[in-house]
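This is what each chain is made of:
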Amino acid sequence: MGMHTGEGRLGGDDYLGIDVNRAARIAAAGHGGQILMSVATRSLVERELPDGVSLRDLGEHRLKDLAHPEHLSDLIIDGLPSEFPPLRTLEVPTNLPAQLTPFIGREREVGLVTQLLDQSRLVTLTGPGGTGKTRLAVETARQLLDGHPDGVFFVDLSPIRDPRLVPDTIASALQFREGSSGRPILEVLTDHLRDRNALLVLDNFEQVLSGADTVAVVLRAAPRVRGLATSRAPLGLSGEQEFPVPPLDLPDPGGDPAVLWESEAVALFEQRAAAVDPSFALGAEMLPIVAEICARLDGLPLAIELAASRIRLFPPRSLLEQLDRRLATLVGGPRDAPVRQRTLEAAIAWSHDLLDEPARTLFRRLSVFAGGWTPETAPEVVDPES
């Protein structure tokens, strides 16, 4: 139902006029059992709602044939359904998280991932913690909104460890409820997506990898749905395209200053340092030092951000000297960031905790190599029979 207050004129057996058309467009944006209300109607009734009735603000939406966005509200009545899928308006439905900091660089990677999604219906961004997989996935998905009219949905899998919860988590991100049919949620979910053109951003899949079969079932049942996953390991599904996320580009700290100024890693450090110290200015003398910091941190975005956050305590040259003790120095991530992203040690611990005991044993034994290892040297310290 769509509710709007305005003027209409009688024409034959029906009412005509822009306000009548507006009410019809508001109704068409909703779903079965949903009651939508224009701001004109809301202003008349919101102070006199009966007990058990409330309003939920849905923001502005563009409606077909109407020149200006319409501010809509949901009428919520106790005892009746109150959760519905995104409105069917001209906006592409999405729950992509809003970013509070600028997206720096990565234009090449965004283009490559976009190309891969044209060729494969499942692309997985892989890499260790702190490489910027989630940020790259969200930015790529944001640029693909217009190509997926039925929605681009961010599915945060980091809170769950039980692979059986993957279908429910996807359904929750779609604001889709299974109802009381009694059918398995995965079956209802695939029916819901079967004819839709949508993109699912499946973030932090590493701790529920055994639940990847859910993705395979969805993609087989819904031929116009695509998946963009982030994980520290590939999902291992047929047709999956893996994209190892590289570090930020690292020019030679002793090289041409013009090249250093163009460095994505240096730009990230400068932006994050200025965010904690407005007086910070990257001058020509400081430029090689900051480039050396970024190089010492291997271009890892999380490590660069954590280092930049220490600029209030250590000037760049002192910070560079502190990097001999990286785990102790690279702390102080934002309070609203996940715990695993507040310190470099926590990022490493998150990956380590996901390993089973044989893998942890292998990891410990390989750690004796100071400069990396090869298949030829590894057997010297790793006994596969033990």
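Note that this is a predicted model, so its numbers are computed, not measured.

Quick notes on the rules
Per chain, residue numbering runs from 1 following the sequence as it is written. Residues qualify for local features only when their pLDDT is at least 70, as the model is predicted, and side-chain atom pairs are given and counted only at 80 or more; totals for whole chains, interfaces and linings, by contrast, use all residues. The basis for every side-chain value is the complete set of heavy atoms in the structure, and neither hydrogens nor water enter the calculation. Here, any two strands with at least 2 DSSP bridges between them count as paired. Helix and strand assignments come from DSSP, with helices taken as H or I runs of at least 4 residues and strands as E runs of at least 2, each series counted from the N terminus. The angle between two axes is taken between their N-to-C directions and runs from 0 to 180 degrees, where each axis is a line fitted to C-alpha atoms and a helix contributes only its stretch in contact. We define a salt bridge as a side-chain nitrogen of Lys or Arg found within 4 Å of a carboxyl oxygen belonging to Asp or Glu. For the exposure calls, accessible area comes from a 1.4 Å probe over protein chains only, and a residue counts as buried if that area is under 20% of its type's maximum, exposed if over 50%, partly exposed in between. In this text, buried Ala, Val, Leu, Ile, Met, Phe, Trp, Tyr and Cys residues form a nonpolar core when linked through side-chain atoms within 4.5 Å. Residue contacts are defined here by distance: any two heavy atoms, one from each residue, within 4.5 Å place the two residues in contact. Throughout this description, any angle smaller than 35 degrees is read as roughly parallel, any larger than 145 degrees as roughly antiparallel, any in the 65 to 115 degree range as roughly perpendicular, and the remainder as oblique. Classification convention: Asp, Glu, Lys, Arg as charged; Ala, Val, Leu, Ile, Met, Phe, Trp, Tyr, Cys, Pro as nonpolar; all other residues, Gly among them, as polar.

Student: Describe the sheet that holds strand 8 (residues 152-156), with residues and values.
Tutor: The strands that make up a sheet pair up through hydrogen bonds in the backbone, lying either parallel or antiparallel. Pairing is parallel in the open sheet, where five strands are placed in the order 8-9-10-7-11. Edge strands, defined here as strands with exactly one partner in the open sheet, are strand 8 and strand 11 (240-244). Along the sheet, successive strands turn relative to each other by an average axial angle of 20 degrees, direction set aside. As judged from the five bridges shared by strand 7 (residues 122-126) and strand 10 (residues 225-231), these two strands associate in the parallel manner. Counted as the bridge partner of Thr-124 is Ala-229 from strand 10.

Student: Tell me about the pattern of salt bridges, residues and numbers included.
Tutor: Tallied over the full model, the rule gives 12 salt bridges. A salt bridge links Arg-22 to Glu-70, with the shortest nitrogen-to-oxygen separation between them at 2.7 Å. Of this pair, Arg-22 sits in helix 1 (residues 18-28) while Glu-70 is found in strand 6 (residues 70-77), placing the two residues 48 residues apart along the sequence. Each member of the pair, Arg-22 as well as Glu-70, carries the same accessibility label: buried. Between Glu-109 and Arg-106 there is a salt bridge, and its shortest N-O distance comes to 4.0 Å. For the pair Glu-109 and Arg-106, a shared accessibility class is recorded, and that class is buried.

Student: An account of the nonpolar core is needed here, citing residue identities and associated values.
Tutor: Counting residues in hydrophobic clusters, the biggest one holds 28 residues, and the most contacted among them are Leu-200, Leu-202 and Phe-205. Broken down by secondary-structure element, the contributors of at least two residues to this core are strand 8, helix 5 (166-173), helix 6 (185-193), strand 9 (198-203), helix 7 (213-221) and strand 10. Residues within four places of Phe-205 in sequence aside, it is in contact with Leu-157, Val-166, Gly-211, Ala-212, Val-215, Thr-230, Ser-231 and Leu-235. In terms of nonpolar packing, the next biggest core, distinct from the first, is built from 27 residues, Ile-104, Leu-268, Leu-282 and Ile-304 among them.

Student: An account of the environment of Ser-82 is requested, with residue identities and associated values reported.
Tutor: Checked against the element boundaries, Ser-82 lands in the loop between strand 6 and helix 3 (107-119). On the basis of relative accessibility, which here comes to 24%, the residue Ser-82 falls in the partly exposed class. Taking the C-alpha atoms as reference points, Ser-82 and Ile-35, separated by 47 residues in sequence, lie 9.4 Å from one another. Excluding its chain neighbours within four sequence positions, the residues that come into contact with Ser-82 are Arg-56 and Ile-76.

Student: Pulling in residues and values, what's your account of the sheet that holds strand 4 (residues 36-38)?
Tutor: Read from one edge of the open sheet, four strands run 1-4-6-5, paired in mixed fashion. Across the chains shown, the open sheet's two edge strands, defined by having one partner strand only, are strand 1 (2-3) and strand 5 (53-61). Here strand 4 pairs with strand 6 via three bridges, running antiparallel. Opposite Ser-38, over in strand 6, you have Leu-72 as the bridge partner.

Student: An account of the packing of helix 9 (residues 264-276) against helix 10 (residues 287-296) is needed here, citing residue identities and associated values.
Tutor: As a packed pair, helix 9 and helix 10 sit with axes 9 Å apart at the nearest point and diverge in direction by 105 degrees. If you check the angle between helix 9 and helix 10, you find them roughly perpendicular. Of the residues in helix 10, those touching helix 9 at Ala-265, Val-266 and Phe-269 are Leu-287, Val-290, Ala-291, Ile-293 and Cys-294. A breakdown of the residues in the contact of helix 9 with helix 10 according to their chemical character gives eight nonpolar, no polar and no charged.

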